[in-house]
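Given next are the chains, with one letter for each unit.
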Amino acid sequence: MIKGRGSASNIQNRYETLSREVIHDGWSLFEDDELPKFKTEVTELKVKSILSRNDSPDISFRYSINPYKGCEHGCIYCFARPSHAFLDLSPGLDFETKLFAKMNAVDCLIEEISQRGYRCSPISIGANTDPYQPIERQYELTRKIVQVLAECRHPFNIVTKNALIERDIDILKPLAALGLVKVYVSVTTLDNQLSAKMEPRASSPKRRMALVRRLADQGIPVGVMFAPVIPFLNDSDLESICAKASEAGADSLGYLLIRLPHEVKPLFFEWLDAHYPLKAEHVKSRIRAMRQGRENDTQFGRRHSGSGEYASLLKKRAELAARRCGLSDKKELDCSQFDTGLLSGQARLFT
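Residues numbered from 1 in each chain as written. Predicted model: local features only at pLDDT ≥ 70, side-chain atom pairs only at ≥ 80, totals over all residues. Heavy atoms only, no water.

This next bit is on the environment of Gln-193. Structurally, the position occupied by Gln-193 is in helix H6 (residues 192–198). Along the sequence, Gln-193 and Pro-205 sit 12 residues apart, while their C-alpha atoms lie 10.0 Å from each other. (Helix = DSSP H or I, 4+ residues; strand = E, 2+ residues; numbered from the N terminus.)

This is the structure:
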């Protein structure tokens, strides 16, 4: 395994016509057979649009924004990894080391929400890759997007597992008072060792809980996403996460079962065999039991929660824990205040 990275390899993407296999030839070019560290590379690009439109019946938002392609957090379970295949890159190490910053995101956003036929609906920022991953500290694309949405009073929510979002409390706090924003903090486990292996460059579990408290203390609505749930690895943390989240001031809980689309399956299984060899077969077997005998299920209505006895038990546990801890707030964001006429010429200066 490579220290500080989630993937152990640059797996071939599903569109490649050539295959490669690593074979040890007995020679060692590096001391102790250690490969040089993979450095993070960022490519600046311009995109044609920034709003992704969703028509899936089991996703609650119509629009989403992802300021970056790829994610340096390196979460081994990330369902967005296969998207790097469209760039002729590997969903493995490439996904977490070869990143893309959408430099004209603000211009695209202003143009798209200003169109005559645009219908305001809460935008989800970070539905695919984390908008507050480490390179946001340099590029500030997420902050600029949030500033534009704040100026025209467009409702939005943010999903992140990085404490960098605290930098933008100055924008989020007044929006929260208007019912225009909610933050969801992804908390996968309370086990620091598991987190360090599974999501090596994200904020620690303790730091994420401190983030929940900080946001709540500032009057910003914050929910906790227990995602993904992985049987025999983190599923036992459900009730503890609920209790800690409630103590910190969270108002809601969501959960998602692990998904293994395309290249995520071999990458996750490779990671599982390396880090938890004694549990690996049990985890794989339970995943198949919840996916009707397969490792992945794309069927709407059950792809996020699974099916079968274990999936039903997990749902009941989540509902009971959320109710007991008071994590059941379903308040919707306010779309009635949206007005592009509030956008000043200064908005374009953010780009």
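Moving on from the model shown.
The next subject is the packing of aromatic side chains. The way to describe two aromatic rings as a pair is by their centre distance and the angle between their planes. Within the structure shown, the criterion is met by five aromatic pairs. Where Tyr-118 meets Phe-338, the ring centres are 5.8 Å apart and the plane angle is 70°; that geometry is what we call edge-to-face. Here Tyr-118, found in the loop between helix H2 (105–113) and strand S6 (123–125), pairs with Phe-338, found in the segment after helix H11 (309–325); they are 220 residues apart in sequence, far enough to count as distant. For the ring pair Phe-268 and Phe-269, a centre distance of 6.2 Å and an interplane angle of 50° mean the geometry is tilted. We note that Phe-268, like Phe-269, is buried. Site record: aromatic cluster; members linked through ring pairs are Phe-268, Phe-269, Trp-271 and Tyr-276. Sitting above the plane of the Phe-79 ring, Arg-259 keeps its charged end 5.2 Å from the centroid. (Phe/Tyr/Trp six-rings, centres within 6.5 Å; stacked < 30°, edge-to-face > 60°. Buried < 20%, exposed > 50% of the residue type's maximum accessible area, 1.4 Å probe, protein only. Lys NZ or Arg CZ within 6 Å of the ring centre and 35° of its normal.)

In the contact formed by helix H7 (residues 205–217) and helix H8 (residues 238–248), the axes pass within 8 Å of each other and the chain directions differ by 30°. When you trace H7 past H8, the crossing you get is right-handed. Together, Met-209, Val-212, Arg-213 and Ala-216 of H7 and Ile-241, Lys-244, Ala-245, Glu-247 and Ala-248 of H8 make up the contact between the two elements. Of the residues that constitute the contact of H7 with H8, the class distribution is six nonpolar, no polar and three charged. (Axes fitted to C-alpha atoms, helices over the stretch in contact; angles between N-to-C directions. Left-handed = near helix turned anticlockwise from the far one by under 90°. Contact = heavy atoms within 4.5 Å. Nonpolar A, V, L, I, M, F, W, Y, C, P; charged D, E, K, R; others polar.)

Before going further, it helps to spend a moment on the sheet that holds strand S4 (residues 68–69). Working definition: the strands of a sheet are paired by backbone hydrogen bonds and lie parallel or antiparallel to each other. Spatially, the three strands line up as an open sheet ordered S1-S5-S4, and their pairing is mixed. Looking at which strands have only one partner, the edges of the open sheet turn out to be strand S1 (41–45) and S4. Two strands pair when backbone bridges link them, and S4 and strand S5 (residues 98–102) are joined in this way by two bridges, in the antiparallel orientation. Residue pairing for S5: Lys-69 is matched across the bridge by Phe-100. (Pairing = 2+ DSSP bridges.)

With respect to the element layout, Asp-168 can be found in the loop between strand S7 (156–160) and helix H5 (169–177). Among the residues examined, Asp-168 registers a relative accessible area of 0% and is labelled buried. When neighbours within four sequence positions are excluded, Asp-168 is seen to be in contact with Tyr-132 and Arg-143.

Ordered by their spatial adjacency, seven strands build an open sheet running S2-S3-S6-S7-S8-S9-S10, and the pairing between neighbours is mixed. In the strand order of this sheet, the two ends are held by strand S2 (51–53) and strand S10 (252–257), each with one partner. The mean angle between the axes of side-by-side strands here comes to 25°, regardless of whether they run parallel or antiparallel. Pairing of S6 with S7 involves three bridges; the strand directions are parallel. Bridging across to S7, Ser-124 finds its partner in Asn-157. Across the face of the sheet, H7 comes into contact with strand S8 (181–186) and strand S9 (222–229) while running at roughly 165° to S8.

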